[in-house]
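Given next are the chains, with one letter for each unit.
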Amino acid sequence: MKRLTVVLLSFVLLVSFIVAPLLSVPQAMAEEAPYDSVVLRGSEAPLDWSSNQNPLTYDEESKTWESAPISLTGGKKLEFKYVYDGEWMQGDNLVFTPDRDGKYVFIFYPEEERKVDVRLADDYEGSITLHLTVPDSTPQWAIPTVATNLNAYNYELTSLQKGEGENEWVLEIEGNPGEELQYVYGLGAEQYKENKEDKRTAVFSKEGTIVEDTVESWMAVPIAENVTHDFQHTPFLPTKKDNVTVKTTVEHYGPIDSGALYYTANGSSPNGKRGEVTRGKVVELNVESTTEQANGLFITVLSGVIPKQPDQSRVKYKIDVWHSEGEGSQFADTNSFDQKEATEFAYYVDTFQSPQWAKDASIYHVFVDRFYDGNKANNEPVDPDLPYDEQLKGWMGGDLEGVKRKVRYIQELGFDTIWISPVFEGPYSHGYHPTDFKKIDERFGNEKIMKELITEAHRRKMKVVYDFVPNHTSSGHPFFEDAKAKGEGSPFYNWYTFTEWPNQYNMFYGIPELPELNNDNLATRRYVLGNVVPYWLRQLKFDGFRLDYAKGPSYSYWVDFRHAVKKTNPNAFIFGEVWDTREKINSYAGKLDGALDFGLADTMVNVFAKDRSMTELSSTIADNLSTYPKEYQMVTFLDNHDKPRFLFEAGGDVNKLKLAAAAQFTLPGTPAVYYGTEVGLSQSKDHNLVPDWKDRYYREMMPWKKEDQDLELKGFYQDLVALRNKEQALRTGTFKEISVSEDVFVYERSTKNKKFLVVLNKGDASGLSLNTIYNQSSLNGVKLRDAMDRRKSVQPKKGELTVRMPAQSFAVYEVSGKLEQAAPDEAKKYKEVIIRGSEPFNWENNDFSLSYDTNEKVWKTKPVKLSAGHRVEFKFVRDGEWLEGDNLVYTAETEKEYVFVFNAMDERKVDVR
């Protein structure tokens, strides 16, 4: 249990937006409103993630932006972000959970963008004041909370305040006179609620109702504030040679001196409590350290070692801690007292490797219903009088026969792997609402056609992966219908998680149509892994799975999933949709072979479609390489069925798409191309203009008539795919960044025998001196051959090697001769230096970059004209970081052109010439 305030404000991780270095606002900017518009987007209605329907208004006096009152449901967590001037705020989603139903106003602070300030807008004329007396058994550090009908009976949100007596607590709650409050006391979680069958009740009154309550006893009393393991085991990817060290951290006020870990190595669930094991084996956890915080909280770290296990062992374990002279124990992460509710941690013992073919692959992503209609007879009737926008909500006729007919087309593009969207039997054309995991919807085709499609692909030496849905079913699935109708009398009741049968149950993103499977239920897991997975891998002969919403099922599930898949087909590729932070995505390494790179996708849109700095792309690649294990294969993409079309985001600029594609196919990762992108498919309408079904515009029909295709773009993609297919260095070679600036990114991809130099320029035409970026005085003997057009090459002249870069262009050069980057001058220190300031400069962008002078060993601006007496406030921005301290100041003595000089060895020196 954590200490809780009246409203819990916390940060959680849902969608992985890549973070560029945050720049502090210089003094000269403090008085101005930095944005023209700010809108609020979020996870719960009336908010959404796509539209601009919740704009904020700027308040001149407070210098903040304020939303209109927005109705929220008490106890329901809201994830949200601000979008300013069309750009998403950086970092993770913000989170707010209202402690009651009502209308709330969101406040956005331009100078403190990540501050969560959400205020209740409603005024109430009545109130209830609760006076509570708790039993002596209540720990002194535990804060009572109240779960009510206003906050969906959430025991974490609403805390009482200390009263005058030792065991007395108090809380005032506002409401409308005459309305009833139903409530139950707890100690921060439902497992610690009061030992009382019926809910308490009180009625709001204008004069203020006062209630005197006494809790006789609690269902349980917390042993610690919080017990956390969060999969902190070392090594994270254990082999058969490794003992595994496990650590857990305990935040506590009362004494904690003992702990244990219960484990199995055969995939079964371990059980035990207070050091006594009932299934599996036990490892004692020893106290490593205990430190006391200023508030009296103790933090104790305990650790133990699971001995090494054979290859393909599915190690499962649970952890609990306790005080040797006390009673009971508390389990890690769920903080439960009952081993049945404890988090089951897991890892797979193996020499982790993803399939080589997946590293080499180029993937073509087919959305079946929108790709090609190969059989008119299985089409869903469409009302021709419906507007096109409405037709897009339904079935458009694409089917497996159509995909089979177009396998040759996909191969001629150069792709060697086809990713097929779900075709489960179900109500919708996207296939993500399964009503049967082993049936193909007749509107897509049948098993026979699927087998023919895969056989045709295999005949052409191509792979086929299926988009599998492990997290949920449709509410129309017979299993769920039976559980909902019969309750605990149904054999499928525990296949789902009913919180209040029959209408309250765990569902995907709060959608009643999508009940979540309880994949930790043994019967559920056995069915999926023992029947469903073999059907798609063995009977239909798919080569792997793309796993929808992979962060839904537990890690224990994925350990068993990996084991089942690799036993069936060791060379199958399993990669997950984990739309979250890089750290969260990485936590599935060793359980999955790889994951979709949402962070890079966002960066590609930001940098190329929306013209942000190339340094953002550089940072993303560097962070990826330093985070993900080498064998954890990231699948890169520019757009997909859940994201706006890249070309739409780029305003229809095909050159921006080409640059992004060039980056995608030459950077690390396995590239996946969404159907139609290669021929210029965009969107017929702005998805921001509609309140629902926004993704209909991401999933429009593939244009097959040549007059509707951008054939030049198609040829470009063919050349790009062919180049990557030909050159191992571009597929799995080492990556080395050479140089990056606002508009130009230069890097190498190399194997032992080959080196390629990639130059991406999204700016104006210019020349690039390789002598400068490689810190070499002479590059005689080096030759660059254009890998896309081998008739072209670049050679040095008198030792100077310069690459000409047309505007919005890229080049991939095969390098001959010795091209090695020497250590940079110590005085150079930075890759990029920008000057920002008052006129003639500006505070907002990177228009004024400096060049490094190798002779003087300083950075210089181009000459700028100043009039006599002109005072300039300015600062240097070095590799994205502002110069510390106050603004620098220079006043021109005469009217002429001046050069501003930055000395990295004396950074605050004012040197203007």
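So, here is what we can say about the structure in this document.

What counts, and at which threshold
- Residues numbered from 1 in each chain as written.
- Predicted model: local features only at pLDDT ≥ 70, side-chain atom pairs only at ≥ 80, totals over all residues.
- Heavy atoms only, no water.
- Helix = DSSP H or I, 4+ residues; strand = E, 2+ residues; numbered from the N terminus.
- Rg over C-alpha atoms; globule rule 2.2 N^0.38 Å.
- Buried < 20%, exposed > 50% of the residue type's maximum accessible area, 1.4 Å probe, protein only.
- Contact = heavy atoms within 4.5 Å.
- Areas by Shrake-Rupley, 256 points an atom, 1.4 Å probe, with all protein chains shown as cover.
- Lys, Arg positive; Asp, Glu negative; His and termini not counted.
- Charge placed at Lys NZ, Arg CZ, Asp CG, Glu CD.
- Salt bridge = Lys/Arg side-chain N within 4 Å of Asp/Glu carboxyl O.
- Pairing = 2+ DSSP bridges.
- Axes fitted to C-alpha atoms, helices over the stretch in contact; angles between N-to-C directions.
- Patch = residues over 30% accessible without salt bridge, like charges linked within 9 Å, V, L, I, M, F, W, Y side chains within 5 Å.
- Core = buried A, V, L, I, M, F, W, Y, C linked by side-chain atoms within 4.5 Å.
- Expected span 1.5 Å × (residues − 1).
- Polar contact = N/O pair within 3.5 Å; in protein donor to acceptor, adjacent residues only side chain to side chain.
- Phe/Tyr/Trp six-rings, centres within 6.5 Å; stacked < 30°, edge-to-face > 60°.
- Parallel < 35°, antiparallel > 145°, perpendicular 65-115°, else oblique.
- Nonpolar A, V, L, I, M, F, W, Y, C, P; charged D, E, K, R; others polar.
- Left-handed = near helix turned anticlockwise from the far one by under 90°.

The subject of this paragraph is the overall build of the chain. For the chain, the helix and strand inventory stands at 16 helices and 57 strands. Since a compact globule built from 913 residues should have a radius of gyration of about 29 Å, the 31 Å found for the chain is in line with a globular shape. For the chain, the C-alpha atoms occupy an extent of roughly 90 × 80 × 65 Å along the three principal directions. Here the chain, with 913 residues, has 56% of them falling under the buried criterion. Put simply, of all contacts in the chain between residues at least 6 apart along the chain, 70% involve residues at least 24 apart. Just so you have it, the chain exposes about 38900 Å², and 46% of that area is on carbon and sulfur atoms. Charge centroids of the chain, computed over 108 positive and 141 negative side chains, lie 10 Å from each other.

This part takes up the pattern of salt bridges. Tallied over the entire structure, the rule returns 60 salt bridges. Glu401 is paired through a salt bridge with Lys404; the nearest N and O atoms lie 3.5 Å apart. Taken as a pair, Glu401 and Lys404 lie in helix α3 (residues 400-405) at a separation of three residues, close to a single helical turn. Judged by relative accessible area, which is 15%, Glu401 ranks as buried. Put simply, Arg913 and Glu856 hold a salt bridge, and the shortest N to O gap is 2.8 Å. You can see Arg913 sitting in the segment after β57 (911-912) and its partner Glu856 sitting in the loop between β49 (851-853) and β50 (858-860), a full 57 residues away along the chain. Given a relative accessible area of 39%, Arg913 falls into the partly exposed group. Sharing partners across several salt bridges, the network here consists of Arg314, Lys316, Glu344, Asp520, Arg525 and Asp560.

Let us now look at the sheet that holds strand β14 (residues 180-186). Taken in spatial order, the three strands make up an open sheet running β11-β14-β15, and their pairing is antiparallel. The two strands at the open ends of the sheet, each matched to only one other strand, are β11 (145-148) and β15 (200-203). Each strand axis lies, on average, 40 degrees off the axis of its neighbour in the sheet, ignoring direction. Strand direction decides the pairing type here: β14 and β15, joined by four bridges, are antiparallel. Its bridge partner lying in β15, Gln182 is registered against Thr201.

Taken across its five residues, strand β48 (residues 833-837) has five buried, putting it largely inside the fold. Residues Val833, Ile835 and Gly837 point to one face of β48 and Ile834 and Arg836 to the other, with burial holding for every one of them. Bridge count for β48 against strand β52 (residues 871-878) is five bridges, and the pairing is antiparallel. Counted as the bridge partner of Ile835 is Phe876 from β52.

What follows deals with a negative patch on the surface. A grouping of Asp59, Glu60, Glu61 and Glu66 is seen on the molecular surface, where their side chains present a negatively charged patch. Judged by relative accessible area, Glu61 falls into the exposed class, the value being 76%.

Before going further, it helps to examine the nonpolar core. Trp536, Phe545, Phe561 and Phe608 are the most contacted members of the largest nonpolar core, which totals 167 residues. When residues in this core are grouped by element, the largest group, eight residues, is from helix α7 (residues 522-539). Apart from residues no more than four positions distant in its own chain, Phe545 is found in contact with Val465, Tyr466, Phe468, Val533, Trp536, Leu537, Phe561, Val565, Phe573, Ile574 and Phe575. Within the second largest apolar cluster, 22 residues are counted, among which are Val833, Tyr852, Trp859 and Val872.

Here we come to helix α14 (residues 711-726). With 16 residues, α14 extends 22 Å from end C-alpha to end C-alpha; this agrees with the ideal 22 Å at 1.5 Å per step. Those residues of α14 that fall on the buried side of the exposure criterion are Leu713, Lys714, Phe716, Tyr717, Leu720, Val721, Leu723 and Arg724. Summarising the contacts, the buried residues of α14 are in contact with α1 (356-360), α4 (407-413), α13 (654-666), β39 (670-674), α15 (728-732) and β47 (809-816). The opening residue of α14 is Asp710, an N-cap whose side-chain oxygen sits 3.2 Å from the backbone nitrogen of Glu712.

Once that is clear, we can look at the side chain of Asn93. By secondary structure assignment, the location of Asn93 is in the loop between β6 (87-88) and β7 (94-96). A residue is classified by how much of its surface remains accessible, and Asn93, at 0% relative accessible area, is buried. Polar contacts involving the side chain of Asn93 include one to the side chain of Glu79, which spans 3.2 Å.

Counting through the fold element by element, Gly186 comes out in strand β14. As for Gly186 and Glu156, which are separated by 30 residues in sequence, their C-alpha atoms are 8.8 Å apart.

Using the criterion set out here, one finds 75 aromatic pairs in the structure. Ring centres 6.3 Å apart and planes at 35 degrees place the aromatic pair Phe468 and Phe561 in the tilted group. Of this pair, Phe468 sits in strand β32 (residues 463-468) while Phe561 sits in helix α8 (residues 555-568), and the two are 93 residues apart along the sequence. Phe561 shares its class with Phe468; the two are buried.

This part covers the sheet that holds strand β29 (residues 417-420). Two pairing modes exist for strands in a sheet, parallel and antiparallel, and in both the strands are linked by backbone hydrogen bonds. What the eight strands build is a closed barrel, ordered β28-β29-β32-β35-β36-β37-β38-β39; its pairing is parallel. Each strand of the sheet is rotated relative to its neighbour by a mean of 25 degrees, with strand direction disregarded. Sheet analysis places strand β36 (residues 573-576) next to strand β37 (residues 594-596), joined by two bridges and oriented parallel. Paired with Gly576 across the strands is Ala595, a residue of β37.

Moving on, we get to the packing of α13 against α14. The geometry of a pair of packed helices is captured by two quantities: the angle between their axes and the separation between those axes. Between α13 and α14, the shortest axis-to-axis distance is 10 Å and the interhelical angle comes to 10 degrees. Comparing the axis directions of α13 and α14 gives the class roughly parallel. On α14, the residues that touch Val654, Leu657, Lys658, Ala661, Ala662 and Phe665 of α13 are Glu712, Leu713, Phe716, Tyr717, Leu720, Val721 and Arg724. Looking at the contact of α13 with α14 residue by residue, the classes come out as 10 nonpolar, no polar and three charged.

This part covers the packing of helix α10 (residues 598-609) against α13. Orientation of α10 relative to α13, taken along the N-to-C sense of each, is 140 degrees, at an axis distance of 9 Å. For the element pair α10 / α13, the angle class is oblique. For the pair α10 and α13, the crossing hand works out as right-handed. On α13, the residues touching Met604, Phe608 and Ala609 of α10 are Lys656, Leu659, Ala660, Ala663 and Gln664. Class assignment for the residues of the contact of α10 with α13 results in six nonpolar, one polar and one charged.

Attention now goes to the environment of Leu888. Mapping Leu888 onto the fold places it in strand β54 (residues 888-891). Along the chain, Leu888 and Gly669 lie 219 residues apart, while their C-alpha atoms are 43 Å from each other.

Ala45 connects to Pro46 through a cis peptide bond whose omega is 10 degrees. Note that Pro46 resides in the loop between β1 (38-42) and β2 (56-59). Here the bond from Trp501 into Pro502 is cis, since omega is 10 degrees, no more than 30 degrees from zero. Checked against the element boundaries, Pro502 lands in the loop between β33 (498-500) and β34 (504-505). Phi is positive for Ala152, close to 60 degrees, though the residue is something other than glycine. Even without being glycine, Arg274 reaches a positive phi, approximately 50 degrees. Secondary-structure assignment places Arg274 in the loop between β21 (271-273) and β22 (276-279). On the basis of relative accessibility, which here comes to 26%, the residue Arg274 falls in the partly exposed class.

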